[in-house]
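# Tertiary structure, described
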Amino acid sequence: MKFETLAIHAGLDIGNPSKAIIPPISPSTIFEIDEEGRNPDDLHYTRLQNPNRQQFEHLIAALEGGETAAAFSSGIAAGTAILQALDPGDHVIIPEDVYAGNRMMIKKIMTRWGLESDFIDMTDVDNIDSHIKPNTKIIWIETPSNPLMRITDIAAVAELANSNNIRTVADNTWPTPVNQLPLALGVDLVLHSTSKYFGGHSDILGGAVVSKKEDDFFERVLTVQKMGGSVPSPHDCWLLSRSTRTLSYRMRGHNEHAGKVAAFLADHPKVEDVFYPGLESHTGHEIAKKQMKGFGGMISFLVDGDYDDTIKVVGRAKLIKRATSLGGVETTWEHRRSSEGDGSVSPENMIRISVGLEHPDDIIEDLERALG
Ligand SMILES: *Cc1c(COP(=O)(O)O)cnc(C)c1O
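No experiment lies behind these values; they were computed from the predicted model shown. (Residues numbered from 1 in each chain as written. Predicted model: local features only at pLDDT ≥ 70, side-chain atom pairs only at ≥ 80, totals over all residues. Heavy atoms only, no water.)

### So, helix H3 (residues 75-84)
Along H3, eight of the ten residues are buried, which leaves the element largely enclosed by surrounding structure. Residues of H3 that are buried include every one of Gly75, Ala77, Ala78, Gly79, Thr80, Ala81, Ile82 and Leu83, and no others. (Buried < 20%, exposed > 50% of the residue type's maximum accessible area, 1.4 Å probe, protein only. Helix = DSSP H or I, 4+ residues; strand = E, 2+ residues; numbered from the N terminus.)

### Some remarks on the packing of H3 against helix H4 (residues 100-108)
The geometry of H3 relative to H4 is characterised by a closest axis approach of 10 Å and an angle of 40 degrees between their N-to-C directions. Between H3 and H4, the crossing angle belongs to the class labelled oblique. Crossing hand, H3 versus H4: right-handed. Contact residues: H3 offers Ile76, Gly79, Thr80 and Leu83, while H4 offers Gly101, Asn102, Met105 and Ile106. For the contact of H3 with H4, a count of residues per class yields four nonpolar, four polar and no charged. (Axes fitted to C-alpha atoms, helices over the stretch in contact; angles between N-to-C directions. Parallel < 35°, antiparallel > 145°, perpendicular 65-115°, else oblique. Left-handed = near helix turned anticlockwise from the far one by under 90°. Contact = heavy atoms within 4.5 Å. Nonpolar A, V, L, I, M, F, W, Y, C, P; charged D, E, K, R; others polar.)

### Examining the site of the ligand
Of all residues adjacent to the ligand, which total 14 residues, the nearest are Ile76, Asp171, Ser193, Ser195 and Lys196. Take Asp171: an N or O atom from its side chain is 2.7 Å from a nitrogen atom of the ligand. Relative to its free-state accessible area of 380 Å², the ligand is covered by the protein chains to the extent of 91%. Of the residues contributing to the shell around the ligand, the split by class is four nonpolar, seven polar and three charged. (Near = heavy atom within 4 Å. Polar contact = N/O pair within 3.5 Å; in protein donor to acceptor, adjacent residues only side chain to side chain. Areas by Shrake-Rupley, 256 points an atom, 1.4 Å probe, with all protein chains shown as cover.)

### So, the side chain of Arg352
Topologically, Arg352 is positioned in strand E12 (residues 350-354). Of the residues examined, Arg352 reaches a relative accessible area of 4% and is grouped as buried. Within the structure, the side chain of Arg352 is placed 3.4 Å from the backbone oxygen of Ser325, a separation counted as a polar contact.

### Remarks on the packing of aromatic side chains
Inspection of the entire model under this criterion finds three aromatic pairs. Taking 6.5 Å as the distance between ring centres and 75 degrees as the angle between the ring planes, the aromatic pair formed by Tyr276 and Phe295 counts as edge-to-face. One end of the pair, Tyr276, is in the loop between strand E8 (271-275) and helix H11 (285-291); the other, Phe295, is in the loop between H11 and strand E9 (298-303), and 19 residues separate them in sequence. Judged by centre distance (6.4 Å) and plane angle (35 degrees), the ring pair of Phe301 and Trp333 falls under tilted. (Phe/Tyr/Trp six-rings, centres within 6.5 Å; stacked < 30°, edge-to-face > 60°.)

### Here's the deal with the sheet that holds E8
Hydrogen bonds along the backbone pair up the strands of a sheet, which may run parallel or antiparallel. If you walk across this open sheet you meet the five strands as E8-E9-E12-E11-E10, and the pairing is mixed. Across the chains shown, the open sheet's two edge strands, defined by having one partner strand only, are E8 and strand E10 (321-322). (Pairing = 2+ DSSP bridges.)

### Remarks on the pairing of strand E5 (residues 167-171)
With four of its five residues buried, E5 lies for the most part within the structure. As paired elements, strand E4 (residues 136-142) and E5 share five bridges and run parallel to each other. Pairing of Ile138 across the sheet is with Arg167, part of E5. At this point the chain moves from E4, through helix H6 (residues 154-163), to the parallel E5, and the crossover so formed is right-handed. (Right-handed = clockwise from strand over helix to strand, strands pointing away.)

Shown next as structure tokens:
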């Protein structure tokens, strides 16, 4: 079946004995077992598994083209589980501009537990090659990166990793499987914050790991999920499956509107530079064209001015609300350096915008007003 069809049908018949078109929410934390502790669907206790979680895990695995998936209570919990599946002393290669929360998680927690890491420029495959060590176990890819929208060649990195027996992980939160399918390009594991486009309405927190193979490493991730306990609620899983049914069409809208907004910004005299992989002027455009079906809803741009000018711009919009995060139906933006706080390397005149599903003319009119 094609992607759009899978998004609507995959997972619906799991844990759904009444054949309801929309499966019920199963809030029960416990399931009846036989005298010897068995349950026919292997359901015992909701931390371990729940019908709504099974439905969503099946759905996201189908959409990414993986054999299996594990859902978590947040994107960070999913990323942490991948690293906790490693052993102390293992080494990981991470993009220098990796999602800031993952950087903090690695530096403040995993490093104390013996994880070794190098944060490097991932746009250059030779640079990655030169950082591989005998104990390197994971190469982490995030493309487009945040907030500079740098593009990494997924197939090239996966090939390098495979030839060195190293696992690759791709954080596919921004592009979503509608725009980019890392497993098909040779990657082993896909990571998601489902709080973004999968949820799509700024009202669910969640994460997931999708694995190409049901292998020993994924078993370790599952152990962290079940024994670490950062699991999503049945209600959140149900809502997430509901949102995912429209993911294909929402992403088409985000792609289309962001393309228009990026073109508008690129032409505006008060804008110094625009970072959007769909623009021909973007340094990663050729690779992006090769590996992405659409360029997504996220744009960063530089105001032609200093810190104060930029703060004024984000203050003048009426329709576009100031907020962090991304992927909702509403357009939001933020002065990225202020959001990232101490240690931010974002330029003082950078604004990051999550282009929503309002009519693009209204978004552009508000941008016109804000840029003055
Ligand atoms: C938001 C985000 C995360 C973290 O997810 P949470 O659901 O906020 O924990 C990880 N990676 C990327 C690319 C993100 O945008």
